[in-house]
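Below, each chain spelled out in residue letters.
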There are 2 protein chains.
Amino acid sequence: MMKIGIIGLGLIGGSLAIDLRRQGHQLLGVSRRSETCERAIALNIVDQASPDLASLAEAEVVFLCPPIGAIVPIATALIPHLAPTAVVTDVGSVKQPIVDALAPLWPHFVGGHPMAGTAEQGIEAAQAELFTKQPYVLTPTDATSLHAMEVVSQLVRSLHANLYQCHPTDHDRAVAWISHLPVIVSASLITACMNEPSDTVRQLAQDIASSGFRDTSRVGGGNPELGTMMAQHNRTALLAALTDFRDTLSHSIRHIEQEDWAALALSLQQTQRDRPKFLA
Amino acid sequence: MMKIGIIGLGLIGGSLAIDLRRQGHQLLGVSRRSETCERAIALNIVDQASPDLASLAEAEVVFLCPPIGAIVPIATALIPHLAPTAVVTDVGSVKQPIVDALAPLWPHFVGGHPMAGTAEQGIEAAQAELFTKQPYVLTPTDATSLHAMEVVSQLVRSLHANLYQCHPTDHDRAVAWISHLPVIVSASLITACMNEPSDTVRQLAQDIASSGFRDTSRVGGGNPELGTMMAQHNRTALLAALTDFRDTLSHSIRHIEQEDWAALALSLQQTQRDRPKFLA
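As the structure is a computational prediction, the values presented were derived from the model and not from experiment. (Residues numbered from 1 in each chain as written. Chains lettered and ligands numbered in written order. Predicted model: local features only at pLDDT ≥ 70, side-chain atom pairs only at ≥ 80, totals over all residues. Heavy atoms only, no water.)

Novice: Which residues make up helix α5 (residues 146-158) of chain A, and what are the values?
Specialist: Turn by turn, an α-helix covers 3.6 residues, leaving residues three or four places apart pointing in a common direction. Residues and elements named next belong to chain A. Over its 13 residues, α5 extends 18 Å from the first C-alpha to the last, a length consistent with the 18 Å expected when each residue adds 1.5 Å. Looking at α5, one finds that the buried residues are Ala148, Met149, Val151, Val152, Ser153, Leu155 and Val156. One or two positions beyond α5, positive phi appears at histidine 160, with a value near 60 degrees. (Helix = DSSP H or I, 4+ residues; strand = E, 2+ residues; numbered from the N terminus. Expected span 1.5 Å × (residues − 1). Buried < 20%, exposed > 50% of the residue type's maximum accessible area, 1.4 Å probe, protein only.)

Below is the structure:
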């Protein structure tokens, strides 16, 4: 059993704390806001909580769970307080910029990304078994210590998450495809529909939209701050995916313009076969 | 109580027959395939069934429910058999080409589009109350007889469907936005992801794809024949929607290229506000 620090007591940090504490680890919470610290103790999510990074001096492992833009500054501020063998990991949804910044600062750092979430946010949304059977990606580099990788892998497995391991750049390209590109595509669908100049047609479209529109537009109608943040932090991979997507779309537009129905049908047959590969 | 003909005993035709027959109407089925006729009788969906259009000589109302490309040829072949006051309606998912072809041939024709469906097809998938609380659009023109409009409206209301009425062109533009555009956009998302040149990244993307990708890709992984057919029949409106969508997407790409995060955030805030308008 270990002393485990959690910085950022929101949905992810709080849910990590719940599962790890139930295993018998001692959970030390850190949140900027003292009300969140009090709430985390009241909800019995952590053993102790404080706004002070120095409270993690004895932590054997620290999970960095603040909003993605705060991970590197908080880690930098944390390092002077850490024991020399302390393992540090983060939960940011983009990995390369974070690993690039933190790997040189701390040999026992390993980047991580638990692919779990709900529509809710904050400590009140924290729940047990959020990570069960969900992907959890770790992104070690040549500089990552074996010790860090072993400790974090072991903890991830203890959450019953599906552990994947890859290079930070590969992670960022993969999430650009399956997570960040869909947000921009889905949002553009909503925007385009709202561009319809005829009030009658736009109102009718709104009246008769059903499950197809609902599903395709879902992630485009989600949290705007999260969407913007992920575009900022994964800009290069997202732009590559967007450009490729636009080219692909232009192919389909050309098929329809040229009434090449055989080509369109072939392409839709292929997507029908390919989609299940993403949903195994 | 009326004699009601249903041509095409698949999911839509069969489900219409089930609900209308339960109301006490006499249901006369027509299917090209005699096995389907036998099955419709065995399943107790219709009172009688035959491959012969002449069997509808006494029908007071006829629903045309074959695949969309067969609606106009079948209606043209049907007309010589009809009683002079017989009302004809169809269930095609595109309205202008059908209304343009049939309105001059039969004054008691009114175009219709029940917006209901399941992933299944065929007579075995037919079910009661498929249309309950679903949109059902009728597209009368100046040439449509009041008689036809009254009879079909009454039947649609009896299905507990939500009745909408509009010009055929407006219908086609609306379904291009909320039904046909999403299919091409969603399919392009799958194709683009499969274009990823690195096997490692593509495999990782497949492994970690979750609900966001699942929802956004759903309609793009659907029936390729349906997707191709709807593009063929609604080509003009779909191309207009696709072109507008591509322009909208290019705006977002430009925001991300130029790191104009305020503009991206504003746009995502707008889509978060707009999406619920389609899901009332």
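Novice: Tell me what's going on with the packing of helix α10 (residues 235-257) of chain A against helix α6 (residues 168-194) of chain B, and back it up with residues and numbers.
Specialist: At a closest axis distance of 9 Å, the pairing of α10 of chain A and α6 of chain B adopts a crossing angle of 125 degrees. Viewed along their axes, α10 of chain A and α6 of chain B adopt a mutual orientation that is oblique. Here α10 of chain A runs over α6 of chain B; the crossing is right-handed. Side by side, α10 of chain A and α6 of chain B meet where Asp244, Phe245, Thr248, Leu249, Ser252 and Ile256 of chain A of the first sit next to Ile184, Val185, Ser188, Leu189, Thr191 and Ala192 of chain B of the second. Its residues assigned to classes, the contact of α10 of chain A with α6 of chain B comprises 7 nonpolar, 4 polar and 1 charged. (Axes fitted to C-alpha atoms, helices over the stretch in contact; angles between N-to-C directions. Parallel < 35°, antiparallel > 145°, perpendicular 65-115°, else oblique. Left-handed = near helix turned anticlockwise from the far one by under 90°. Contact = heavy atoms within 4.5 Å. Nonpolar A, V, L, I, M, F, W, Y, C, P; charged D, E, K, R; others polar.)

Novice: Quick rundown of the pairing of strand β5 (residues 87-90) of chain A? Include the residues and the values.
Specialist: Residue and element names in this part refer to chain A. Neither face of β5 is left uncovered, since the one carrying Val87 and Thr89 and the one carrying Val88 and Asp90 both have all their residues buried. Note that strand β4 (residues 61-64) and β5 share 4 bridges and pair parallel. In the strand pairing of β5, leucine 64 is matched with aspartate 90. Note on the crossover from β4 through helix α3 (residues 71-78) to β5: the handedness is right-handed. As a crossover connection, the stretch from β5 through helix α4 (residues 96-102) into strand β6 (residues 109-114) is right-handed. (Pairing = 2+ DSSP bridges. Right-handed = clockwise from strand over helix to strand, strands pointing away.)

Novice: So what's going on with the relation of the copies chain A and chain B? Residues and values would help.
Specialist: Between chain A and chain B, the superposition needs a rotation of 180 degrees and an axial shift of 0.0 Å, giving an RMSD of 0.1 Å. Such a turn and shift between the copies fits a two-fold axis. The C-alpha atom lying nearest the rotation axis in chain A is that of threonine 216 of chain A; the distance is 2.2 Å. Both copies contact each other with a shared surface, as 100% of the interface residues of chain A are interface residues in chain B too. (Least-squares fit on C-alpha atoms with pLDDT ≥ 70 in both.)

Novice: I'd like to hear about the pairing of strand β2 (residues 26-30) of chain A, residue by residue, with values.
Specialist: Each regular strand displays side chains that alternate between the two surfaces of the sheet. Residues and elements named next belong to chain A. Burial within β2 is extensive, with 4 of its 5 residues counted as buried. Pairing between strand β1 (residues 3-7) and β2: 5 bridges, direction parallel. Each residue of the ladder has a partner; that of lysine 3, found in β2, is glutamine 26.

Novice: How would you explain the interface of chain A and chain B if you had to name every residue and give the values?
Specialist: Counting residues at the interface gives 84 residues for chain A and 84 residues for chain B. Carbon and sulfur atoms make up 70% of the area that chain A and chain B hide from each other, which totals about 8,400 Å². Between the two partners, chain A and chain B, sit 6 salt bridges. We note a salt bridge from aspartate 215 of chain B to arginine 218 of chain A, for which the minimum N-O separation is 2.6 Å. If you look at where chain A meets chain B, you find 24 residue pairs in polar contact (both at pLDDT 80 or more). (Buried area = accessible area lost by both parts, 1.4 Å probe. Salt bridge = Lys/Arg side-chain N within 4 Å of Asp/Glu carboxyl O. Polar contact = N/O pair within 3.5 Å; in protein donor to acceptor, adjacent residues only side chain to side chain.)

Novice: Tell me what's going on with the side chain of threonine 89 of chain A, and back it up with residues and numbers.
Specialist: Residues and elements named next belong to chain A. Mapped onto the elements, threonine 89 comes out in strand β5. Of note is the side chain of threonine 89, whose polar atom sits 2.7 Å from the backbone oxygen of valine 110. Non-local contacts of threonine 89, meaning those with residues more than four positions away in its chain, are made with Val62, Phe63, Leu64, Phe109, Val110, Gly111, Gly112 and Val152.

Novice: Describe the pattern of salt bridges, with residues and values.
Specialist: Counted by the stated rule, this structure contains 20 salt bridges over all chains. For arginine 235 of chain B, the salt bridge goes to glutamate 259 of chain A, with nearest N and O atoms at 3.7 Å. With arginine 235 of chain B in helix α10 (residues 235-257) and glutamate 259 of chain A in the loop between α10 and α11 (261-274), this residue pair bridges two chains. For arginine 235 of chain B, a relative accessible area of 23% puts it in the partly exposed group. Classification of glutamate 259 of chain A by relative accessible area gives partly exposed; the value is 45%. Aspartate 199 of chain B is the partner of arginine 202 of chain B in a salt bridge, and the nearest nitrogen-oxygen pair spans 2.9 Å. Note that arginine 202 of chain B and aspartate 199 of chain B are positioned in helix α7 (residues 199-208) at a spacing of 3 residues, about one turn of the helix. Aspartate 199 of chain B sits in the exposed class, given a relative accessible area of 54%.

Nothing here speaks to function; it is all geometry.
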